[in-house]
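Residues per chain, in single letters:
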Amino acid sequence: MVTTLPTPEPEVLRPGIKAPVQETLLTPRFYTTDFEAVAKMSLSLQDTELQAVLEELRNDYNRHHFVRDDEFKQCWEHIDGETRRAFIDFLERSCTSEFSGFLLFKELSRQLKGRNPVLSEAFGLLARDEARHAGFLNKAMADFGLTLDLSLLTKQRTYTFFPPEWVIYTVYLSEKIGYWRYILVYRHLEQHPEYRIYPLFRYFESWCQDENRHGDFFKALLRSQPKLWNNWKSRLWARFFLLTVFVTHSLTVFERASFYHSIGIDPRDYNTKVIRNTNETSIRAFPEVLDTDNPAFFSRLEKCAEANERLTQINASTSPKIVKFFQKIPPIASIGWNMLRIYLAKPINAEALREVVR
Ligand SMILES: [Fe+2]
Ligand SMILES: [Fe+2]
């Protein structure tokens, strides 16, 4: 059973500007990559698919979507206490990860200009969407008296280097999991409007279509590079990234259970649905996916979430450092062991299903 700790009070940098959350394994990261290698990628295998996605991105279906309507013009003081803290935390994580996407895509577009026109244009269009998403979320934060200083965030955050192959696997997954996260919240609130505490959620339906298109672009990119799906190494990487994305998702959802409760969502049910759907969607792009029907799959993910809660409690305690060090060994070992067991469980061969799922 996962027990949730209360969300800490938001830290303020200066009046109205929220201090970025401390970087941990769970906070959204900022990435950089080998631009030279991306510029040299041959796309011929997926030329038709990439042109089709590019056309979709050019259509810019959501150009009039991110406009705040009258429902935003009211006081939000009635959302208070734990709900308010958890909601601000949700907005901040979402805003940071959208903004992280924007920075990476913008830089890719800039670096590939004149060298790989198809990719440069596509990344430019992706950056356009992510800038809108991040901006819209930051305005929502302003409704709660806080905003993120995005230019400061750009300068202060450390950038993690990922080779292009890792970028393609992880961004594909984060776009598709983003799609499922948004659409499942949207569908739930459509059925239970009494929980729609804030108008932002009404925007999720068209919003998640952006994420879906971004994911389709990365799918075409992934399939254009045979080394990302036609050998044993690619199968191991695919499972590794699925596992890390799913563990991170589970840990974050259980850690912020109070937010989901506040909008009438059962965190366990939500986590299961998001992961099942994302894993199934990934069959279209990845050479192998995890078997979410394995009876131990979700219980192992939840054991990781429980161990993570234990780590948070230890970190928050006043015990001496050396005591904390020894206290942390069992929960870290538990996360490692449960992840390893999921990783080594029999996977699903997506290539064998390829003809069926196309
Ligand atoms: Fe986005
Ligand atoms: Fe996206």
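The model shown is predicted, which means the values in this text are computed figures rather than measured ones.

Here is what the cut-offs are and how they apply
Residues numbered from 1 in each chain as written. Chains lettered and ligands numbered in written order. Predicted model: local features only at pLDDT ≥ 70, side-chain atom pairs only at ≥ 80, totals over all residues. Helix = DSSP H or I, 4+ residues; strand = E, 2+ residues; numbered from the N terminus. Rg over C-alpha atoms; globule rule 2.2 N^0.38 Å. Buried ≥ 20, exposed ≤ 12 C-beta atoms within 10 Å, placed from the backbone. Expected span 1.5 Å × (residues − 1). Arc of directions from axis to C-beta. Contact = placed C-beta atoms within 7 Å. Core = buried A, V, L, I, M, F, W, Y, C linked by C-beta atoms within 7 Å. Axes fitted to C-alpha atoms, helices over the stretch in contact; angles between N-to-C directions. Parallel < 35°, antiparallel > 145°, perpendicular 65-115°, else oblique. Left-handed = near helix turned anticlockwise from the far one by under 90°. Nonpolar A, V, L, I, M, F, W, Y, C, P; charged D, E, K, R; others polar. UniProt positions renumbered as here; feature names shortened; annotations may be inferred.

In terms of helices and strands, the protein carries 13 helices and seven strands. What you see for the protein is a C-alpha radius of gyration of 20 Å, in line with the 21 Å of a compact globule of 358 residues. Across the 358 residues that make up the protein, the buried fraction comes to 36%.

Here helix 2 (residues 47-59) is 13 residues long and its end C-alpha atoms lie 18 Å apart, about the 18 Å a rise of 1.5 Å per residue gives. Of the positions making up helix 2, those classed as buried are Leu50, Val53 and Leu57. The arc that holds every buried residue of helix 2, seen down its axis, measures 65°, which confines them to one face. Looking at helix 2, the residues exposed on the side facing more than 90 degrees away from the buried face are Thr48, Glu55, Arg58 and Asn59. Elements in contact with the buried residues of helix 2: helix 4 (117-143) and helix 7 (204-223). Following helix 2 by one or two positions, Asp60 adopts a phi angle in the positive range, close to 50°.

The biggest cluster of nonpolar side chains holds 78 residues, and the ones touching the most others in it are Leu91, Phe123, Met141, Ile168 and Tyr172. With 13 residues, the top contributor of residues to this core is helix 3 (residues 81-112).

Before going further, it helps to spend a moment on the packing of helix 6 (residues 164-191) against helix 10 (residues 267-282). The description of two packed helices rests on the angle between their axes and on the distance between the axes. Put simply, helix 6 and helix 10 touch, their axes get as near as 9 Å, and they point 135° apart. In this view, helix 6 runs oblique relative to helix 10, as classed from their interaxial angle. Where helix 6 crosses over helix 10, the handedness of that crossing is right-handed. Listed contacts from helix 10 to Leu173, Lys176, Ile177, Trp180, Arg181 and Leu184 of helix 6 are Tyr270, Lys273, Val274, Asn277, Thr278, Thr281 and Ser282. Split into classes, the residues belonging to the contact of helix 6 with helix 10 amount to six nonpolar, four polar and three charged.

Attention now goes to the UniProt feature "domain: Rubrerythrin diiron-binding" (unreviewed entry) in the protein. Under the feature "domain: Rubrerythrin diiron-binding" (unreviewed entry), the UniProt entry names residues 89-222. Structurally, residues 89-222 comprises 78% helix and 4% strand, and the distance from its first C-alpha atom to its last is 32 Å.

Attention shifts here to the environment of Glu309. Counting through the fold element by element, Glu309 comes out in helix 11 (residues 297-316). For the pair Glu309 and Pro331, spaced 22 residues apart in sequence, the C-alpha separation works out to 8.9 Å.

A word on the environment of Ala352. Summarising the element assignment, Ala352 is placed in helix 13 (residues 350-357). Judged by local crowding, Ala352 falls into the exposed class, with 10 C-beta atoms found within 10 Å. A sequence separation of 249 residues divides Ala352 from Leu103, and the C-alpha atoms of the two residues are 36 Å apart.

The next thing to look at is the packing of helix 6 against helix 8 (residues 232-255). Remark: helix 6 packs on helix 8, axes separated minimally by 10 Å, with the N-to-C direction vectors making an angle of 40°. Looking at the two axes, helix 6 sits oblique to helix 8. Between helix 6 and helix 8 lies a crossing whose hand is right-handed. Note on element contacts: helix 8 touches helix 6 through Trp237, Ala238, Phe241, Leu242, Val245 and His249, opposite Tyr169, Thr170, Leu173 and Ile177.

Another aspect to go through is unusual backbone geometry. The phi dihedral of Asp60 is positive, around 50°, even though this residue is not glycine. As for its placement among the helices and strands, Asp60 is situated in the loop between helix 2 and helix 3.

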